Every structure is written in C-alpha cells, then in structure tokens.
Amino acid sequence: MSDMRLIVAGAGGRMGRALIRTIHDTPGAVLAGALEAPTSELLGQDAGVLAGLPENGIKLSADLWTLSKEADGILDFTVPAATIANVAIAAQRGIVHVIGTTGLSASDDAVIKSVTKQAIVVQSGNMSLGVNLLAALVKRVAQSLDDGFDIEVLEMHHKAKIDAPSGTAFMLGQAAADGRGVSLDTHSARGRDGITGARKTGDIGFASLRGGTVAGEHTVIFAGPHERIELIHKAEDRMIFAHGALKAAMWAHGKPPGHYSMADVLGLGEK
Ligand SMILES: NC(=O)C1=CN([C@@H]2O[C@H](COP(=O)(O)OP(=O)(O)OC[C@H]3O[C@@H](n4cnc5c(N)ncnc54)[C@H](OP(=O)(O)O)[C@@H]3O)[C@@H](O)[C@H]2O)C=CC1
Ligand SMILES: O=C(O)C1=N[C@H](C(=O)O)C[C@H](O)C1
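Residues numbered from 1 in each chain as written. Chains lettered and ligands numbered in written order. Predicted model: local features only at pLDDT ≥ 70, side-chain atom pairs only at ≥ 80, totals over all residues. Heavy atoms only, no water.

As annotated in an unreviewed UniProt entry, the chain carries the name 4-hydroxy-tetrahydrodipicolinate reductase and is attributed to Tardiphaga alba. What UniProt states about the chain under its Pathway (unreviewed entry) heading is, verbatim, "Amino-acid biosynthesis; L-lysine biosynthesis via DAP pathway; (S)-tetrahydrodipicolinate from L-aspartate: step 4/4." (UniProt positions renumbered as here; feature names shortened; annotations may be inferred.)

So this is what it looks like as structure tokens:
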C-alpha cells in the first residue's frame, strides 16, 4: 500500500506539533496538510519548522476542503466546534477521521455518530495503550465489586487544559458504569462544593486538578469499608497520544465506514 497521506488539524497546538513529529518519524505515513483556525496567526507558516523539524514546505492553512482533496485521513486534536466542522468534510471526502478532541457535548457526539454510515471515524478521549488497558481493568473491577465500594475518578492535567473533567475521566467513568451495569448519566457526581450532603450510594464521582505541565494523570478509586483499591495511569509525555492516533489512522485506512474506538484499534474489545 502507498504511504497514508495525513492532515493534522490544530497543527500549531501542543498535540498538533507532536503529531507532525510522529508522522515525520513513521514509515508509511506522510504529512499532506496542516490545518489551523481561520483566525490563527500561524497561517502560512511552515509546519515542519513549527514542530521543530526541518522545513517541509507544508504551510498552515484554514481550508480543509482543499487540503483534503489529496489526503487519506485527518488527525483532529482541536476544539469541539472545529471537530464538528471537520466531520462533515471528512465524511464527504470519505477519508479517515481520527478524533481526539475532548469536551464534546452529547449533541456533538450525536452529530459524529450520524455521519458514520458513510464516514470512517476513530474516536477516543485517550489514544494511549495504557489508558485503554486501564479502562478494561476498571470495567472488570467494577463488575466484581458491589456498590458497597464507592467509585471516584480523579484526574490532573497541565494548567492550559480548557475542559473538565477530562475526556479520559469520562471514558474511565463510563467503563466503571458499564462494569456495574448502570447509566453514567444517572449515576455521576460532579463538581462537589459546599454542603453537598452525604455521598449517594452508587454514584461515580469525578474530581479535576489543574497545574504545571502534567501531561495527564488518572486514578480510579474503589473505596470500600476499611480498604481501597486504586488503579492509576500517568502519562509522562504527550507523544504516547500522538503514537496512538497515528496507529489508529493507519489501522482504519481501508476499513468500512463506522465508528471505531481505540479498543478496536488495540484489539482490547470483548473476547
Ligand atoms: N484523545 C487523546 O488522546 C488526547 C486528546 N487531547 C485533546 O486534544 C485537544 C487539543 O489539545 P492540545 O493540543 O493540548 O490543545 P491546543 O490548544 O494546544 O491545540 C488546539 C489547536 O487547535 C486549533 N484550532 C482551534 N480552532 C481550530 C479550527 N477551526 N481549525 C483548526 N484548528 C483549530 C487551536 O488554534 P488556536 O490556538 O489559534 O485557537 C490550537 O492550535 C483537547 O481537546 C485535548 O483534550 C489531548 C491529548 C490527548
Ligand atoms: O488536554 C490534554 O492534555 C489531554 N486531554 C485528554 C483528556 O481530556 O483526557 C487526554 C489526555 O489526558 C491529555
């Protein structure tokens, strides 16, 4: 198969630059375009230079329709409004759309699902191997314990992160809810502050910390009577997410339309 031609959306962002470096280092992948916001001061700059690589002649552009004419996929780590705009174009072009953007609303997710009859989407709040394995472990532990064990999801990220709780925290909360056989929508407790009353039995709690340069840390706590189990993942470098995203794109290349997860990519699905 010829090289997979990939567009990086949010090319000037933290993940965008990591993705450009990862594509540069990966045989079988080639950077076909670099997308940025129409308001970005980086438009016209060289994507290679921005990512700390030699000049590669790919200039940052805000025109996905034109860029995607010569592409096989788009790696999208941006903001919800941009991702939703990109979904329609990727679907029309029939190219792979890897979505890492978090902070999407339920209606954003419905839009994404609605295009997957004709679009090839891989979406995950966390593209790392470790977190996807952790999610499988959380589900397994939640299946084994009853609601005498209180489940809390704690996350910490760098101070520039704009959404909370993290996409990963929701993913882990969902895994816990699946393990328990309950709906996360009706069994979650978020943003405790003030006289909250006692903890409701069966709730899955979320708490977020922000500071410094933390790439991403997640702890799922199962707190029972006189004992506690904690499952922890610590991302030491955001390159783990970039490697996962590129793996997802190359895995999805040539797959039938559908809505895929990193568990599909990594073969961690139900056995
Ligand atoms: N699923 C996963 O594994 C991971 C997900 N993420 C998620 O990815 C997202 C991005 O994270 P991060 O890179 O740290 O954030 P950044 O803010 O560093 O990057 C986002 C980039 O998207 C750009 N952007 C905004 N609007 C558009 C648009 N319309 N078209 C193209 N680009 C646009 C921003 O430009 P400007 O600054 O000019 O607005 C910015 O350069 C977040 O939602 C984060 O949670 C992050 C890491 C891993
Ligand atoms: O914004 C980040 O940085 C990250 N976002 C994702 C999330 O919201 O979970 C994944 C990772 O934790 C880093």
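Caption draft 1: The overall build of the chain, seen in detail. Secondary structure assignment for the chain yields nine helices and twelve strands. For 271 residues, the compact-globule formula gives about 18 Å, and the C-alpha radius of gyration of the chain, at 19 Å, lands near that figure. Referenced to the eigenvectors of the C-alpha coordinate spread, the extents of the chain come out at roughly 60 × 40 × 30 Å. Expressed as a percentage of its 271 residues, the buried residues of the chain come to 48%. Relative to all contacts within the chain whose residues are 6 or more apart in sequence, the contacts with residues 24 or more apart total 69%. In the structure as shown, the chain presents an accessible area of about 13100 Å², 54% of it carried by carbon and sulfur atoms. Averaged over its 25 positive side-chain charges, the chain has a centre that lies 1 Å from the centre of its 29 negative ones. (Helix = DSSP H or I, 4+ residues; strand = E, 2+ residues; numbered from the N terminus. Rg over C-alpha atoms; globule rule 2.2 N^0.38 Å. Buried < 20%, exposed > 50% of the residue type's maximum accessible area, 1.4 Å probe, protein only. Contact = heavy atoms within 4.5 Å. Areas by Shrake-Rupley, 256 points an atom, 1.4 Å probe, with all protein chains shown as cover. Lys, Arg positive; Asp, Glu negative; His and termini not counted. Charge placed at Lys NZ, Arg CZ, Asp CG, Glu CD.)

Caption draft 2: View of the site of ligand 1. Around ligand 1 there are 21 residues in total, and Arg14, Met15, Glu36, Thr102 and Met127 lie nearest to it. Within the backbone of Gly13, a nitrogen or oxygen atom sits 3.2 Å from an oxygen atom of ligand 1. In this structure, a nitrogen atom belonging to ligand 1 sits 3.2 Å away from a main-chain N or O atom of Gly125. Partitioning the shell around ligand 1 into residue classes produces seven nonpolar, ten polar and four charged. (Near = heavy atom within 4 Å. Polar contact = N/O pair within 3.5 Å; in protein donor to acceptor, adjacent residues only side chain to side chain. Nonpolar A, V, L, I, M, F, W, Y, C, P; charged D, E, K, R; others polar.)

Caption draft 3: Geometry of the pairing of strand S10 (residues 217-224). Here strand S7 (residues 150-157) runs beside S10; their pairing, made up of seven bridges, is antiparallel. Looking at S10, one finds that Val153 is bridged to Val220. Pairing analysis gives eight bridges linking S10 to strand S11 (residues 227-234), with the strands arranged antiparallel. Looking across to S11, one finds that Phe222 is bridged to Ile229. Once S10 ends, the chain turns through two residues before running back antiparallel as S11, passing His226 with a positive phi of about 70 degrees. (Pairing = 2+ DSSP bridges.)

Caption draft 4: Molecular detail of the side chain of Asp163. Assignment of secondary structure puts Asp163 in the loop between S7 and helix H7 (167-180). Since its relative accessible area comes to 14%, Asp163 is described here as buried. A polar contact of 2.7 Å, which involves the side chain of Asp163, links it to the side chain of Thr102. In this structure Asp163 touches Thr102, Gly103 and Arg210, once residues within four positions along its chain are discounted.

Caption draft 5: Spatial organisation of the sheet that holds S11. If you trace the five strands from one edge of the open sheet to the other, you get S8-S9-S7-S10-S11, paired in mixed fashion. Among the strands making up the open sheet, the edge pair consists of strand S8 (188-190) and S11. Neighbour to neighbour, the strand axes of the sheet diverge by 20 degrees on average, direction disregarded. Lying over the sheet, helix H6 (residues 129-144) contacts S7, S10 and S11, oriented at roughly 160 degrees with respect to S11. (Axes fitted to C-alpha atoms, helices over the stretch in contact; angles between N-to-C directions.)

Caption draft 6: The packing of aromatic side chains, seen in detail. Across all of its chains, the model carries two aromatic pairs by this definition. On the basis of an interplanar angle of 50 degrees and a centroid distance of 5.5 Å, the ring pair of Phe170 and Phe206 is categorised as tilted. On the criterion of sequence distance, the pair formed by Phe170 in helix H7 and Phe206 in strand S9 (residues 204-210) is long-range, its members being 36 residues apart. With a centroid separation of 5.1 Å and 85 degrees between ring planes, the pair formed by Trp251 and Tyr260 is classed as edge-to-face. (Phe/Tyr/Trp six-rings, centres within 6.5 Å; stacked < 30°, edge-to-face > 60°.)

Caption draft 7: Representation of the site of ligand 2 within the structure. In the region of ligand 2, the neighbouring residues are Thr102, Gly125, Asn126, His157, His158, Lys161, Ser166, Gly167, Thr168, Ala215, His218 and Phe241. Residue Gly125 places a main-chain N or O atom 3.5 Å away from an oxygen atom belonging to ligand 2. One of the backbone nitrogen or oxygen atoms of Gly167 is found 2.8 Å away from an oxygen atom of ligand 2. In isolation ligand 2 has 320 Å² of accessible area, and contact with the protein removes 85% of it. A breakdown of the residues in the shell around ligand 2 according to their chemical character gives two nonpolar, nine polar and one charged.

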